[in-house]
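Structural description and commentary
Okay, here's what each chain looks like letter by letter:
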Amino acid sequence: MSNEKQSWWLTPLSEPQAEQATDAAGLSSVEAKRRLEQFGPNLFRERKEKSLVLQYLTRFKNPLVIILLVASSVSAFTGEVTNFIIISCIVLLSVTLDFVQEHRANAAAEKLRQSVSVQTKVLRDGKPLEIPVADVVPGDLVVLSAGDMIPADGRVIESNDFFVKQSLLTGEPYPVEKKPGELPETATELQEATNAVFMGTSVVSGSAQMQVVKTGADTSIGEIADSISRPAEPTSFEIGTRRFGVLIMRLTILMVMFALLVNTYFDKPWLESFLFAVALAVGLTPELLPMVISVTLSRGAMRMAKKHMIVKRLTAIQDLGSMDVLCTDKTGTLTEAKIRLEKHVDASGKPSERVLELAYFNSFFETGLKSPLDEAILDHQHIDIGKWKKVDEVPFDFERRRVSVLIDDGEKRWLVVKGSPDEIVGLCTHYEAEGVDNQRAVDAAALALIHAQYHALEEEGYRALGIAWRQVAQDHPHAVVSDESELVLTGFAAFLDPPKESAASALAALARVGVAIKIVTGDSDLVTRHVCAELKIPVTGVLTGKEIVLLDDYALQAQAETANLFCRVNPAQKDRVILALRARGHVVGYLGDGINDAPSLHSADVGLSVDSAVDVAKEAADIILLKHDLHVLHAGVLEGRRTFGNIMKYIMMGTSSNFGNMFSMAGAALFLPFLPMLPTQILLNNILYDISEIPIPLDKVDSVDIHAPRVLDMIFVRNFMLVIGPISSIFDFLIFYVMLTVLQADEKLFQTGWFVESLCTQVLVIFIIRTRGNPLKSRAHPLLTVTSLTVVAIAVLLPFSPIGTYFGFVPPPVKFYFILGAMLIVYLAAVELAKQGFYRWAVAKKSGQKPA
């Protein structure tokens, strides 16, 4: 939100903009019609949507999707119809899931449209008129009263005890007084705009007349709707999978071009060479990646549902696991969002039951609108009213900022006053030192101590009320404002929106697993610091909304890295903080429950909300917490990391042993007078290998993989591939030597022997790569073990079956299997040693140490 748009309330009404000019009679019908044509209806911007077909087709731009579609077409071309159907179905399912997600943001914006009132009262041609909110235009004079929803952004030009609840935009827990007047130039923040009201907020009490300044998408809430309907930036997981797709595409193109050039150079049949090259492409393609991701995430979503978390966007599970910064609103997420009476102390700061008693009498007998503070007093403790009865009252108003009740118990008559500490203390001539019978005069020294007492409460983040009283004559008939003098100060009631009981331990648990906590709130820094102290969150730096306005994006990125409290921020500033942290390379989660949180929920890598949140926040969120316990979020983070771990297993396998075998195949074309493996044999090898990996989503993950956040790092994957892949190729070339020199193999025997060896090495290495530790100690899921060993058995026995003859296989000699067995043991041992060395090197590099 630009500073210009924030600060329109600073423009003096004596210098109105031309389009807002109006008189006391309001706009004429003709002028209102002209302005409606000029500014458009008072609706959020209607975005021109692409047709559903075009929206669907844009999902096919992902490099991995393109590779998979080409691979499926090649499969169909070579007669592998089953492979074509499987790959096509997987791709279509994945694309369709993405397509469905596109409509969520628009649904959130639609919820905002429905959150404003349908009709409003304006002055037109000097007469009050009920019109649809959509017809409100800049310059309209709107008549407001208690219960009304504000139909647009505008300036208050008349008010009578006008009290507005605007927490949906600012996060402030208390209603705010609005009145006419000019503000200092420093009042640039929405929370400071006491002379303006904003669309979507509601009138709690009083009445007013406002002049409309901003309508539709130009309003504060309209900008929120516009921001959440825009396409979100790609999340960490989406960026990672896109980069993985690009890596695979480059490798595939390189391999295919190499195979084609070599086969063409050696004058091998063109069609056969082409089929071999495209079969290589299929062999390199991770066809099962979308399926592995979908199944793994679906299982994660089901487990998270059992832990009271509803996942709306499946890939958000992985983003939750990768999250290293959690930004959270304060009210309703870290706190109970319910004001509570925390302290009742006398003028010297000592706990006082008398303060509570008088405060209770005042709130109980008050007949005006019960404020959240009144409700907190009445809910704190039941006090027997006894014989006390109400005689009269002086209702609350915003000039006096206090309320008085006149009560009588048959023996004495008291005026009990409750209100702003400044106002109450200013009316007191005495204070209770040690109870009602020990009253002392308020001299200069006492006044300084009293001021220090309630200022200390405010600095600790409490909202304080002064409680005072005076005895009047038994025949005193009415309470009037002039009675509120020569009062006796009893003490102060202190209120707070308390932290949730589970918040402190849950946030500490998140910190232990590498998730930094940053609080982004519309509330003051004093209140937020108090909450941090209660939750044992050390404050490393504070940024306010006013300071954020002065920072450009690069400066904000630097400051956001160290600060962990962002106070008095509006929705646009919250959004800037999220984007600044993402620009620094963090995977950011945002937890919020209000309309003012919607843009941040939309911009974060993973948006989190609670089931009691407003509809707009729930629509914009990716994950909903059904249980108001932040330990649920901690459990979700660990689940996300388990999910990520299993997805990484498939990626690491596909880019190491699989790549090594395809590289060997392309290299063999340099010296073999025939194709090292027929295209149909490559596709069969690929299908069997994929089958062996289907149970990967069921596998457990090493505990080390859930202790810290991880992202899909393509440099890490590439380096792993360059370490493990060549080992696979070395053993492939060894089997080439054995087949050609030891066994004197012809074309069919060579192709058979290498098919068996490549499939056995690819499948068995799963047990090495699936864990960072010792594969003999970290046991695979039983189903993964069964399917893998079954595929190995099929590879060994297939050449002896009639089906093997169809694929061009011949039975190898027994000697081959002895040699193969020995080679497999050495190969797996070599991969294990290389794996351990690679992880030691990676850990040392990450910690900045010199690799051993």
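Now for a quick tour of the structure. (Residues numbered from 1 in each chain as written. Predicted model: local features only at pLDDT ≥ 70, side-chain atom pairs only at ≥ 80, totals over all residues. Heavy atoms only, no water.)

1. Some thoughts on the overall build of the protein
Helix and strand counts for the protein stand at 31 helices and 23 strands. For the protein, buried positions account for 56% of its 852 residues. Carbon and sulfur atoms form 61% of the exposed surface of the protein, whose accessible area is close to 35,500 Å². (Helix = DSSP H or I, 4+ residues; strand = E, 2+ residues; numbered from the N terminus. Buried < 20%, exposed > 50% of the residue type's maximum accessible area, 1.4 Å probe, protein only. Areas by Shrake-Rupley, 256 points an atom, 1.4 Å probe, with all protein chains shown as cover.)

2. Thoughts on the packing of aromatic side chains
Counted according to the given criterion, the structure contains 24 aromatic pairs. Between the aromatic rings of Phe 838 and Trp 841, the centroid separation amounts to 6.0 Å while the plane-to-plane angle is 40 degrees, which identifies the pairing as tilted. Of this pair, Phe 838 and Trp 841 both sit in helix H31 (residues 814–847), 3 residues apart, which is roughly one turn of that helix. According to the relative accessible area criterion, Phe 838 is buried, its value standing at 4%. Joined through ring pairs, the aromatic side chains of Phe 716, Phe 720, Phe 838, Tyr 839 and Trp 841 make up one cluster. Across the ring face of Trp 469, the terminal group of Arg 354 is positioned such that the distance to the ring centre comes to 5.0 Å. (Phe/Tyr/Trp six-rings, centres within 6.5 Å; stacked < 30°, edge-to-face > 60°. Lys NZ or Arg CZ within 6 Å of the ring centre and 35° of its normal.)

3. Description of the nonpolar core
Counting residues in each nonpolar core, the largest one holds 153 residues, and the members touching the most others are Trp 9, Leu 320, Leu 326, Phe 566, Ile 623, Leu 633 and Phe 755. Leaving out residues up to four positions away in the same chain, Phe 566 has contacts with Lys 518, Ile 519, Val 520, Thr 521, Leu 543, Ile 548, Ala 560 and Val 577. (Core = buried A, V, L, I, M, F, W, Y, C linked by side-chain atoms within 4.5 Å. Contact = heavy atoms within 4.5 Å.)

4. Some details on helix H29 (residues 782–797)
Between its first and last C-alpha atoms H29 spans 22 Å; for 16 residues at 1.5 Å apiece the expected length is 22 Å, and the two agree. For H29, the complete set of buried residues consists of Leu 784, Thr 787, Ser 788, Val 791, Val 792 and Ala 795. Along H29, the residues classed as buried sweep out an arc of 135 degrees about the axis, all on the same side. Exposed and facing more than 90 degrees away from the buried side of H29 are Pro 782 and Leu 797. (Expected span 1.5 Å × (residues − 1). Arc of directions from axis to C-beta.)

5. Side note on the pattern of salt bridges
Evaluated as defined, the whole model comprises 30 salt bridges. For the salt bridge of Glu 31 with Arg 35, the shortest nitrogen-to-oxygen distance reads 2.6 Å. Placement of the pair is Glu 31 and Arg 35 together in helix H2 (residues 29–39), with a separation of 4 residues, close to one helical turn. Residue classification places Arg 35 among the buried residues on the basis of a relative accessible area of 3%. In this structure, Glu 182 and Arg 155 form a salt bridge, with 3.3 Å as the shortest nitrogen-oxygen distance. Of the two residues, Glu 182 is situated in the loop between strand E5 (176–177) and strand E6 (196–197) and Arg 155 in strand E4 (residues 153–165); the sequence distance between them amounts to 27 residues. Classification of Glu 182 by relative accessible area gives partly exposed; the value is 47%. Shared partners join several salt bridges into a network, and the residues in it are Arg 303, Lys 307, Glu 639 and Arg 642. (Salt bridge = Lys/Arg side-chain N within 4 Å of Asp/Glu carboxyl O.)

6. Thoughts on unusual backbone geometry
Unlike most non-glycine residues, His 308 shows phi in positive territory, near 70 degrees. Its place among the elements puts His 308 in the loop between helix H10 (289–306) and strand E8 (309–311). Residue classification places His 308 among the partly exposed residues on the basis of a relative accessible area of 36%. Despite not being glycine, Lys 536 shows a phi value in the positive range, around 60 degrees. Considering the arrangement of structural elements, one finds Lys 536 in the loop between helix H17 (525–535) and strand E19 (542–544). Assessed through its relative accessible area of 72%, Lys 536 is described here as exposed.

7. Here's the deal with the sheet that holds strand E20 (residues 565–567)
Two strands in a sheet stick together by hydrogen bonds in their backbones, pointing the same way (parallel) or opposite ways (antiparallel). Here we have 8 strands laid out as an open sheet, ordered E8-E23-E22-E21-E9-E18-E20-E19, and mixed in their pairing. Every interior strand has two partners, whereas the edge strands, E8 and E19, have only one. Put simply, the sheet's adjacent strands are angled 20 degrees from each other on average, direction ignored. In the packing of helix H19 (residues 553–562) onto the sheet, contacts are made with strand E18 (516–520), E19 and E20, and the angle to E18 comes to roughly 120 degrees. Those strands touched by helix H23 (residues 631–654) are E8, strand E9 (325–328), strand E21 (588–591), strand E22 (606–610) and strand E23 (623–625), and its axis lies near 45 degrees from that of E8. (Pairing = 2+ DSSP bridges. Axes fitted to C-alpha atoms, helices over the stretch in contact; angles between N-to-C directions.)

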